[in-house]
Amino acid sequence: GARLKEARRLVVLGDPGAGKSTLLRWLATAFLLRMKNDPDWQDLPDIATLPDDFYLPILVRCRDLPPQIATLEDMLHHTLRMNEVTESDCPKLRGLLRTRLTEGKALLLIDGLDEITDPGLRARFSRQIEQIHRSYPEAPIVVTSRIVGYREMGYRIRSGFEHLTVADLAPADKDDFARRWCALTERAE
């Protein structure tokens, strides 16, 4: 949260299972609960580190994108359809999301850049992320990737993005995380 508040554009790298996808889900959940003024928001760990903004999170999973995705419009359309938004509602929602991005009131979360297996397509998609940053300079963006997959790319996301690496958790930290996660997401029974 603190790095997002400071840098606004992040590439988060980590080993498999390091928590990159969980981080994006945590960000999305925190901002959605805050927008709803949901009392459960206060129970989320580390929310004090988040920016004070009321971002609408847009979570895009690279593994779900077809290879021909080339523009933000395509990305939004496909993500909405994957979330069972009807074809007729997609244009209105894409317009809303673009407006929020323009105003800096949407947080674009792109998960698993390394899951685009073709190196040429991955490089093209990375350039598209940089183009989105230039087109929507007020919008915060967080991209995740495995370290190895990102290192193997011939092209790196630069253009104003800070790169971070997820640190390994100590065994006590893993136990604490699992206990708190289950308390928040699992039913008591």
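Residues numbered from 1 in each chain as written. Predicted model: local features only at pLDDT ≥ 70, side-chain atom pairs only at ≥ 80, totals over all residues. Heavy atoms only, no water.

Colleague: Account for the packing of helix H3 (residues 72-82) against helix H4 (residues 90-103), with residues named and values stated.
Modeller: Interaxial distance between H3 and H4 falls to 10 Å at its minimum, and their mutual angle equals 125 degrees. Compared by their axis directions, H3 and H4 come out oblique. Two packed elements cross with a definite hand, and for H3 against H4 that hand is right-handed. Of the residues in H4, those in contact with Leu72, Glu73, Leu76, His77, Leu80 and Arg81 of H3 are Cys90, Leu93, Arg94, Leu97, Arg98 and Leu101. Of the residues assigned to the contact of H3 with H4, the class counts are seven nonpolar, one polar and four charged. (Axes fitted to C-alpha atoms, helices over the stretch in contact; angles between N-to-C directions. Helix = DSSP H or I, 4+ residues; strand = E, 2+ residues; numbered from the N terminus. Parallel < 35°, antiparallel > 145°, perpendicular 65-115°, else oblique. Left-handed = near helix turned anticlockwise from the far one by under 90°. Contact = heavy atoms within 4.5 Å. Nonpolar A, V, L, I, M, F, W, Y, C, P; charged D, E, K, R; others polar.)

Colleague: Report on the sheet that holds strand E4 (residues 141-146), specifying residues and quantitative values.
Modeller: Consider a sheet: its strands pair through backbone hydrogen bonds, and that pairing is either parallel or antiparallel. Here five strands make up an open sheet; going across it, the order is E2-E3-E4-E1-E5 and the pairing parallel. Only two strands of the sheet have a single neighbouring strand rather than two, namely strand E2 (56-61) and strand E5 (162-165). Along the sheet, successive strands turn relative to each other by an average axial angle of 20 degrees, direction set aside. Where E2 meets strand E3 (residues 106-111), six bridges bridge the pair, whose relative direction is parallel. Pairing of Arg61 across the sheet is with Asp111, part of E3. (Pairing = 2+ DSSP bridges.)

Colleague: Now, about the nonpolar core: what can you tell me, with residues and values included?
Modeller: Among the nonpolar cores identified, the biggest contains 33 residues, and Leu113, Phe125, Ile129 and Val143 are the most heavily contacted of them. Among the secondary structure elements, those contributing two or more residues to this core are strand E1 (9-14), E2, H3, H4, E3, helix H5 (119-135), E4 and helix H6 (147-151). The element contributing the most residues to this core is H3, with four residues. Setting aside anything within four residues of it in sequence, one finds Phe125 in contact with Cys62, Leu65, Ile69, Met75, Ile110, Leu113 and Ile116. (Core = buried A, V, L, I, M, F, W, Y, C linked by side-chain atoms within 4.5 Å. Buried < 20%, exposed > 50% of the residue type's maximum accessible area, 1.4 Å probe, protein only.)

Colleague: Let's hear about a nonpolar patch on the surface: which residues, and what values?
Modeller: A contiguous nonpolar surface patch, about 270 Å² in accessible area, is contributed by Leu32, Met35 and Phe54. Note that Leu32 resides in helix H2 (residues 20-36). For Leu32, a relative accessible area of 40% gives the class partly exposed. (Patch = residues over 30% accessible without salt bridge, like charges linked within 9 Å, V, L, I, M, F, W, Y side chains within 5 Å. Areas by Shrake-Rupley, 256 points an atom, 1.4 Å probe, with all protein chains shown as cover. Salt bridge = Lys/Arg side-chain N within 4 Å of Asp/Glu carboxyl O.)

Colleague: A description of the pattern of salt bridges should follow, citing residues and the corresponding values.
Modeller: Side-chain pairs of opposite charge can arise where the charged atoms are in close proximity. Counting across every chain of the model gives ten salt bridges. Of the charged contacts in the structure, one is a salt bridge between Arg3 and Glu162, with a shortest N-O distance of 2.7 Å. Of this pair, Arg3 sits in helix H1 (residues 2-7) while Glu162 is found in strand E5, placing the two residues 159 residues apart along the sequence. Across the salt bridge formed by Asp176 and Arg180, the nearest N and O atoms sit 3.6 Å from each other. Taken together, the residues Asp176 and Arg180, both in helix H7 (residues 171-185) and four residues apart, mark about one turn of the helix. Asp176 gets classed as partly exposed once you look at its relative accessible area, which sits at 27%. Its relative accessible area of 37% is what places Arg180 among the partly exposed residues.

Colleague: Run through the pairing of E3, naming residues and quoting values.
Modeller: Side chains on a regular strand alternate between the two faces of the sheet. Taking burial as the measure, the six residues of E3 include six buried ones, the bulk of the element. The alternating pattern of E3 places Ala106, Leu108 and Ile110 and Leu107, Leu109 and Asp111 on opposite faces, both of which are buried. Inspection of the sheet shows E3 paired to E4 by three bridges, in the parallel sense. When the sheet's bridge partners are listed, Leu109 is paired in E4 with Val142. Note on the crossover from E3 through H5 to E4: the handedness is right-handed. (Right-handed = clockwise from strand over helix to strand, strands pointing away.)

Colleague: How would you explain unusual backbone geometry if you had to name every residue and give the values?
Modeller: In this structure, Asn37 is a non-glycine residue whose phi angle is positive, near 55 degrees. Relative to the elements of secondary structure, Asn37 occurs in the loop between H2 and E2. With phi around 65 degrees, Glu84 is a residue other than glycine that occupies positive phi space. If you trace the backbone, Glu84 turns up in the loop between H3 and H4. On the basis of relative accessibility, which here comes to 72%, the residue Glu84 falls in the exposed class.

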